[in-house]
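Each chain, written out:
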Amino acid sequence: RSLEAQVGFDLFYRDRGKLVPTADGTKLIQEVELTLASIDRFNSLVRDIAGYSAGTVRIVAPPSFAEGILPEIVSRFRERFPGVEFNIDSRSVETARSMIAMRYVDCGFVKLPTDESDLAIEQIVLSGSVCVMREDHPLAGLATITPTDIGQYPLILLGAGRHWRTQVDTAFAAFGLRPAVAIETHTHGSACALAARGNGMAILNELLVKPYLHAPLVTRPFQPPIAHEYAFAVSNVSRPSRLTLEFRNEVLAYFATRIA
């Protein structure tokens, strides 16, 4: 009776001592039930977020990193928090850095050195370089391989214009040589596939090449050493979300295990 007085219309009619909802009352009940259900969903979502069982992590990484390393890290994280969704973008190092700085993504992986003015970065791994070739390649019997050993053997290298490619060219120049490039490609996976089919020897990042090393491929260290340093990065404009920080912890734990 008090509620009917407040809303200004009948919610029930009386039928021989019973209260029967009116059409207006029934409509209002349905709306109340939806509202209460929404509150329940809201409370459930709050509990899920607090327990890392819901939410989305947006990541960007260079192509070979996204293909070779990131799947294992994401899989480990989702074993702990299966309700978390991931959005993974694969871009060049330069584009990835900009996307992180502009907060188009929550976090990402960048190759060092890089402009750190608008990024908060943590070094996560340092790896060397290896020569990848078929086990029947003429140089497969060497313990290490130098530009002098390679000479005019055909090479498969990642595309010109990258910092990594400049390092390779510089290593050959120190011996008075130029690499005999047979094929240029843009990912470690394609370089290994081409090497496995006998198209030449590839010089690649030791860390990123590991997922693609299947028979008949073998690796040998490349000398002089060419190092590859990667960092986990977030924008320094605002504090990362709790979920992003938890993913960062997973990344650090993963590489700590690999280094050990």
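Residues numbered from 1 in each chain as written. Predicted model: local features only at pLDDT ≥ 70, side-chain atom pairs only at ≥ 80, totals over all residues. Heavy atoms only, no water.

### Structural notes on the pattern of salt bridges
Rule in force here: The working definition used for a salt bridge is a side-chain nitrogen of Lys or Arg within 4 Å of a carboxyl oxygen of Asp or Glu. In DSSP terms, a helix is any run of H or I states spanning at least four residues, a strand is any run of E spanning at least two, and both are numbered starting from the N terminus. Each residue is assigned to one of three classes by its accessible area relative to the maximum for its type, calculated with a 1.4 Å probe on protein chains only: buried under 20%, partly exposed between the two thresholds, exposed over 50%.
For the structure on display, the rule yields 11 salt bridges. Residue Arg165 is joined to Asp169 by a salt bridge in which the shortest nitrogen-to-oxygen separation is 3.6 Å. Here Arg165 and its partner Asp169 are both found in helix α7 (residues 163–173), four residues apart, which amounts to about one turn of the helix. The exposure class of Arg165 is buried, given its relative accessible area of 7%.

### Quick look at helix α8 (residues 188–196)
Short version of the rule: Working definition: the arc comes from the directions between the helix axis and the C-beta atoms, pointing outward to the latter. Here, two residues are considered to be in contact whenever any of their heavy atoms come within 4.5 Å of each other.
For α8, the set of buried residues is His188, Gly189, Ala191, Cys192, Ala195 and Ala196. Take α8 and look down its axis: the buried residues cluster within an arc of 165 degrees, on one side only. Buried-residue contacts for α8 involve α3 (63–68), β7 (129–134), β8 (155–158), β9 (181–185), β10 (201–205) and β11 (217–221). Positive phi appears at Gly198, one or two residues downstream of α8, with a value of about 80 degrees.

### Considering the nonpolar core
As a rule of thumb, soluble globular proteins bury nonpolar side chains together. We count it as follows: In this text, buried Ala, Val, Leu, Ile, Met, Phe, Trp, Tyr and Cys residues form a nonpolar core when linked through side-chain atoms within 4.5 Å.
Of all hydrophobic cores here, the largest spans 30 residues; its most connected members are Ile150 and Ile203. Judged by nonpolar contacts, the second largest core, of 28 residues, contains Ile59, Phe77, Val84 and Phe109.

The quantities given are spatial measurements derived from coordinates; they are silent on function.
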